[in-house]
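Residue strings, one per chain:
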Amino acid sequence: MSRLKDPARPLAGRRALITGASRGIGADIARACAAAGADLVLTARDATALEEAAARLGAEHDVRIAVLAADLADPAVPETLWQEASAALDGPEGLDVLVNNAGLSHPETVDQLETAHFDETLQVNLRAPALLAARAGTAMARAGGGAVVTIASAAALRPLAEHYSYSVAKAGLVMATRSLALELGDRGVRANSICPTIVLTDMGQKVWGEHPDKAAPMLARIPQDRFAQPHEVSDVAVWLASDAASMVNGAEIPVDGGYLVS
């Protein structure tokens, strides 16, 4: 028997900030959280895409949705985004859930590594989400608790060729998430990472799904012989944000079809 008040809407009454929410995995997480009953603040760089995403979700689900255009490449943004997101819904008491999803990648071999790409990847994939999570987690702890969900990568746990900067940044973000779990767990804040393999978003489909020769070596390392679908990441994000995962803290959840054990 479920301990959730409403198993069909496990995030009812929760308020969540989702970064990188205008497309890809972030957009699907927003869909899943709205379906689970959460009020949402969606953020990404593209204000028009955010408004369109919010309009779609608002037409489908009876939840509040606010949008904030923000570029995590701007070093000042992580320090203020949580307060702005809190004000967008309820005011100074804050939100209950942070889904740190926004990220980017510049695939290149180590000997082709460009310093500018390295710096940008660490800014967007590590510095910004780690600072945002620290500020959000601290605010949640003052308010009595909450959940931080990090969208990391299997590349954080097992290096991926041509993804030097990406793997370094995601590995650092996983450790930041563990540190939050350690320091804030006794104040009701849970922090966990999701580590997917390749996910067939629209972009993932174009890069991997439409190029069998490129995909074949990667698929050969995945026992389930397929890549992930966006909802398979979103479902885990909703679970981690809900009371169903109330004893899960400081974990890295693979969504990889067995890639990490092959």
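Here's what I pulled together on the structure shown here. (Residues numbered from 1 in each chain as written. Predicted model: local features only at pLDDT ≥ 70, side-chain atom pairs only at ≥ 80, totals over all residues. Heavy atoms only, no water.)

**So, the overall build of the chain**
Rules: Helix numbers and strand numbers start at the N terminus; a helix is a DSSP run of H or I with at least 4 residues, a strand a run of E with at least 2. The globule rule used for comparison is 2.2 Å times the number of residues to the exponent 0.38, while the radius of gyration itself is calculated over C-alpha atoms. Burial classes: relative accessible area under 20% of the type maximum marks a residue as buried, over 50% as exposed, and values in between as partly exposed (1.4 Å probe, protein chains only). The contact rule is simple, with two residues in contact once any of their heavy atoms fall within 4.5 Å. Per-residue and other accessible areas were derived by the Shrake-Rupley procedure at a 1.4 Å probe size, with only the shown protein chains allowed to occlude residues. Counting rule for charge: Lys and Arg are taken as positive, Asp and Glu as negative, and neither His nor the chain ends is counted. Charged side chains are reduced to one point each, which is NZ for Lys, CZ for Arg, CG for Asp and CD for Glu.
Looking only at helices and strands, one finds eight helices and seven strands in the chain. The globule rule puts the C-alpha radius of gyration for 262 residues at 18 Å, and the 18 Å found for the chain is close to it. Looking at the chain residue by residue over its 262 residues, the buried ones come to 50%. If you take every contact in the chain between residues at least 6 apart in sequence, the share linking residues at least 24 apart comes to 73%. Element-wise, carbon and sulfur atoms account for 53% of the exposed surface of the chain, whose accessible area totals about 12,200 Å². Here the chain contributes 22 positive and 32 negative side-chain charges, whose respective centroids are spaced 6 Å apart.

**Thoughts on the packing of aromatic side chains**
To be explicit about the condition: Stacked, tilted and edge-to-face are the three classes assigned to paired rings of Phe, Tyr and Trp, where Trp is represented by its six-membered ring and a pair needs centres within 6.5 Å; plane angles under 30 degrees give stacked, over 60 edge-to-face, the rest tilted. The rule for a charge over a ring is simple: NZ of Lys or CZ of Arg within 6 Å of the ring centre, and within 35 degrees of the ring normal.
Taken as a whole and judged by the stated rule, the model has two aromatic pairs. With centroids separated by 5.9 Å and ring planes inclined at 70°, the aromatic side chains of Trp-208 and Phe-227 adopt a geometry described as edge-to-face. On the criterion of sequence distance, the pair formed by Trp-208 in helix H6 (residues 202-209) and Phe-227 in the loop between helix H7 (212-219) and helix H8 (230-241) is long-range, its members being 19 residues apart. Classification of Trp-208 as buried rests on a relative accessible area of 16%. The ring of Tyr-259 carries Arg-158 above its face, with NZ or CZ at 4.7 Å from the centroid.

**Regarding the sheet that holds strand E6 (residues 189-196)**
Consider a sheet: its strands pair through backbone hydrogen bonds, and that pairing is either parallel or antiparallel. Put simply, the rule is: Strand pairing requires that DSSP identify at least two bridges connecting the strands. To obtain an axis, a line is fitted to C-alpha atoms, over the contacting stretch when the element is a helix, and the angle between two such axes runs from 0 to 180 degrees between their N-to-C directions.
As summarised here, the arrangement of the seven strands in space is E3-E2-E1-E4-E5-E6-E7, forming an open sheet in which the pairing is parallel. Looking at strand neighbours, the two that pair on one side only are strand E3 (65-69) and strand E7 (252-255), the edges of this open sheet. The sheet shows a mean angle of 15° between the axes of neighbouring strands, taken without regard to direction. Here strand E1 (residues 15-19) runs beside strand E4 (residues 97-100); their pairing, made up of three bridges, is parallel. Bridge assignment links Leu-17 to a residue of E4, and that residue is Leu-98. Along the sheet, helix H5 (residues 164-184) contacts strand E5 (146-151), E6 and E7; its crossing angle with E6, the most-contacted strand, is approximately 155°.

**A short note on the side chain of Arg-15**
This is how the line gets drawn: Within 3.5 Å is the distance limit for a polar contact, defined as a pair of N or O atoms, with the added protein rule that one can donate a hydrogen and the other accept it, and that residues adjacent in sequence qualify only through two side-chain atoms.
Mapped onto the secondary structure, Arg-15 falls in strand E1. Arg-15 sits in the buried class, given a relative accessible area of 12%. From its side chain, Arg-15 meets the backbone oxygen of Gly-94 in a polar contact 2.8 Å long.

**Structural notes on the pairing of E4**
Along a regular strand, successive side chains alternate from one face of the sheet to the other. Stated precisely, the cut-off is as follows: Whether a crossover is right-handed depends on one test, that the path from the first strand over the helix to the second runs clockwise when the strands point away from the viewer.
Alternating positions in E4 separate into two faces, Val-97 and Val-99 on one and Leu-98 and Asn-100 on the other, with burial throughout. Bridge count for E4 against E5 is four bridges, and the pairing is parallel. When the bridges of E5 are listed, Val-99 appears paired with Val-149. Of the crossover connections in this fold, the one passing from E4 over helix H4 (residues 115-143) to the parallel E5 is right-handed.

**Some points on the nonpolar core**
Defined as follows: Joining through side-chain atoms within 4.5 Å is the link that ties buried Ala, Val, Leu, Ile, Met, Phe, Trp, Tyr and Cys residues into a set, and such a set is a nonpolar core.
Ranked by internal contacts, the top residues of the largest apolar core, which has 35 residues, are Ile-18, Ile-29, Cys-33, Leu-40, Leu-42, Val-149 and Ile-194. Those residues in contact with Cys-33 that lie beyond four places of it in its chain are Leu-11, Ile-18, Ala-38, Leu-40 and Val-238. Val-41, Ala-102, Leu-180 and Ala-191 belong to the second largest nonpolar core, which has 27 residues in total.

**A few points about the pairing of E5**
The buried fraction of E5 amounts to six of the six residues, a majority that puts the element mostly inside the structure. Alternating residues of E5 divide into Gly-146, Val-148 and Thr-150 and Ala-147, Val-149 and Ile-151, and every residue in both groups is buried. As judged from the six bridges shared by E5 and E6, these two strands associate in the parallel manner. Within E6, the position partnered with Gly-146 by the bridge is Val-189.

**Brief notes about the side chain of His-163**
Among the structural elements, His-163 can be located in the loop between E5 and H5. A relative accessible area of 15% means that His-163 is categorised as buried. One polar contact links the side chain of His-163 to the main-chain carbonyl oxygen of Ala-161, over a distance of 3.0 Å.

**Thoughts on unusual backbone geometry**
Even without being glycine, Glu-162 reaches a positive phi, approximately 65°. Looking at the element boundaries, Glu-162 is found in the loop between E5 and H5. A positive phi angle, close to 60°, is found at Asp-225, a residue other than glycine. Mapping Asp-225 onto the fold places it in the loop between H7 and H8. The exposed category is assigned to Asp-225, whose relative accessible area is 54%.

On their own, these measurements won't tell you what the molecule is for.
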